[in-house]
Amino acid sequence: MDRPQSYRFHQGERVLPFADAEYEARLTKLRATMVAEGVDACVFTSMHNIAYYSGFLYCSFGRPYALVVTADANVTFSAGIDAAQPWRRGYGDNITYTDWQRNNYWRAIQSVTGSGKTIGYEGDHISLAQKALLDEFLSPKSSKDIAPATMIQRMHKSKAEIDLIRAGANVADVGGYAIKDAIKAGVREIDVAMAGRDAMELEIAKRFPDAEYRDTWVWFQSGINTDGAHNPVTSRKLERGDILSLNTFPMISGYYTALERTLFVEEVDPASLKIWEANVAAHEYGMSLLKPGASCAEVTEKINTFFAERDLLQYRTFGYGHSFGVLSHYYGREAGLELREDIDTVLEPGMVISMEPMLTIADGQPGAGGYREHDILVITEDGNDNITGYPYGPDFNVVG
């Protein structure tokens, strides 16, 4: 039997997160960058860039995926196991490569890029092994890391993106309220987390009936488990006086949003209340600093000073915020828009960024636990728009 190295399998109706004009606008900006950089074809391999420029969010499972953009073509490359789903959920052409012969993936890509061209690739994603295969099969005249330029493009959100992110923040609030209602002494972390996750998934399905549903999750932590921001859920049972960390993460078409709050079960002791109120004050101060013209480093240093004046800076464990858009805990990160000392990016209207100060007090010390508040803010022409609605602080979040 003569089996093909690649083929096109297109069936069903196309459903995308955004209108065609949104993807055309993104591709137009990318192609302008390609001309400026002298790049003939971009070979994207990451989930976030493929989703950003095509709408298709792949599930790798050990197989490589790609999006190739040239001056007049944009083509996704997917494995046969996905059939026509990548075409239905992607903007532009789609080619399926087969497993019958090793490296049919690269042969399919070469059929679009041609040989001897200047190729743009993602230096922060492609592996050494795959970069060697790119060089072998595409025989590029030269290659350039296009990832930094695409990150800068993704940091500036369109109105359509901001609308989707705003909806995601609303969904995160729904999960927060469901979690609050589920909290009581004796309940396990996993039970509370499931209540929040289920509420968010149902809300996403109501708001976006044509979307794909996956990857929405909750990290709900209690007691010592609150010491790290990304600690997984356990079966620990909540106890009276426990510090809690509520973290809801709805995913809508690859777009991540978040809500994070400190809570306590039934009561909060004086030492914990003092730390909590200080972190809330830093949170409010930090949000007031997020305005056009402020740099990430400047904002960070001002919050550092705020904590240092209260002898709390030594309890900070990570940056104060980050960008939002096509990203997730297992793919994507717009590292150029993080509130850290070493990031000089200047805030501009249309950027979306969180404010999320966290203090961690070691177990056995007065006020032990991790304290974190998290709001999402859209930078506007003269300030910011806070799109998070769930309240923060002791007045609302001593529960159970």
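Above this note sits the structure.
Draft legend 1. The environment of Asp 342, seen in detail. Note on placement: Asp 342 falls in the loop between strand S13 (325-326) and strand S14 (352-355). With 42 residues separating them along the chain, Asp 342 and Thr 300 place their C-alpha atoms 9.4 Å apart. Side-chain polar atoms of Asp 342 contact the side chain of Arg 340, separated by 2.8 Å.

Draft legend 2. Representation of the environment of Thr 234 within the structure. Of note, Thr 234 is situated in the loop between strand S8 (217-222) and strand S9 (243-249). Looking at Thr 234, the relative accessible area reads 30%, which means it is partly exposed. Taking the C-alpha atoms as reference, Thr 234 lies 20 Å from Tyr 177; in sequence the two are 57 residues apart. The residues touching Thr 234, leaving out its near neighbours within four places in the chain, are Glu 189, Ile 190 and Asn 225. There is a polar contact of 3.1 Å between the side chain of Thr 234 and the backbone nitrogen of Arg 236.

Draft legend 3. Geometry of the sheet that holds S9. Read from one edge of the open sheet, four strands run S8-S9-S12-S19, paired in mixed fashion. With partners counted over all chains shown, the strands left at the sheet margins are S8 and strand S19 (398-399), one partner each. Sheet strands touched by helix H8 (residues 189-207): S8 and S9. Its angle to S8, the strand with the most contacts, is close to 150°. Helix-sheet contacts for helix H9 (residues 270-289) involve strand S12 (259-265) and S19, and the interaxial angle to S12 is about 160°.

Draft legend 4. The packing of helix H2 (residues 47-54) against helix H6 (residues 147-155), seen in detail. For the pair H2 and H6, the least separation of the axes is 11 Å and the interaxial angle reads 55°. With respect to their mutual orientation, H2 and H6 come out oblique. Crossing of H2 against H6: the hand is left-handed. Residues His 48, Asn 49, Tyr 52 and Tyr 53 of H2 form the contact with H6, whose own contacting residues are Thr 150, Gln 153 and Arg 154. Looking at the contact of H2 with H6, its residues break down into two nonpolar, four polar and one charged.

Draft legend 5. The arrangement of the packing of aromatic side chains in detail. Within this structure, the stated rule accounts for 23 aromatic pairs. Relative to Tyr 53, the ring of Tyr 52 has its centre 4.9 Å away and its plane inclined at 85°; by these criteria the two rings are edge-to-face. Just as Tyr 52 is buried, Tyr 53 falls in that class too. Between Trp 217 and Trp 219, the aromatic rings sit 5.5 Å apart at their centres with planes inclined by 75°, giving edge-to-face as the arrangement. Here Trp 217 and Trp 219 have matching classes, each one buried. An aromatic cluster is defined as three or more aromatic residues linked by ring pairs; in this entry it consists of Trp 217, Trp 219, Phe 249, Tyr 256 and Phe 324. Across the ring face of Tyr 52, the terminal group of Arg 26 is positioned such that the distance to the ring centre comes to 4.3 Å. Above the ring of Tyr 320, the side-chain terminus of Arg 316 is found at 4.2 Å from the ring centroid.

Thresholds applied
One numbering rule holds for all chains: residues counted from 1, following each sequence as written. Whole-chain, interface and lining totals are the exception, using all residues; otherwise, since this is a predicted model, local features are given only for residues with pLDDT of at least 70 and side-chain atom pairs are given and counted only at 80 or more. Think of the side-chain values as coming from all heavy atoms in the structure, minus any hydrogens and water. Going along the chain from the N terminus, every DSSP run of H or I of four or more residues is numbered as a helix, and every run of E of two or more is numbered as a strand. Polar contact is the term for a pair of N or O atoms within 3.5 Å; when the atoms are in protein, one must be able to donate a hydrogen and the other to accept it, and sequence-neighboring residues count only if both atoms are side-chain atoms. Here the term buried applies to any residue with accessible area under 20% of the maximum for its type, exposed to any over 50%, and partly exposed to those in between, with areas from a 1.4 Å probe on protein chains only. We call two residues contacting when some pair of their heavy atoms lies within 4.5 Å. In this scheme, strands are said to pair when DSSP sees at least two bridges between them. Note on geometry: axes are C-alpha line fits, over the in-contact stretch for helices, and angles between N-to-C directions span 0 to 180 degrees. For classification, angles of less than 35 degrees are called roughly parallel, those exceeding 145 degrees roughly antiparallel, those between 65 and 115 degrees roughly perpendicular, and all remaining angles oblique. Note: crossing handedness is left-handed where the near helix turns anticlockwise from the far helix by less than a right angle, and right-handed where it turns clockwise. Note on residue categories: nonpolar means Ala, Val, Leu, Ile, Met, Phe, Trp, Tyr, Cys or Pro, charged means Asp, Glu, Lys or Arg, and polar means any other residue, Gly included. Aromatic pairs are defined between Phe, Tyr and Trp rings, using the six-membered ring for Trp, whenever the two ring centres lie within 6.5 Å; interplanar angles under 30 degrees are classed as stacked, those over 60 as edge-to-face, and all others as tilted. Placement of a positive charge over a ring is assigned whenever Lys NZ or Arg CZ falls within 6 Å of the ring centre and within 35 degrees of the normal to the ring plane.

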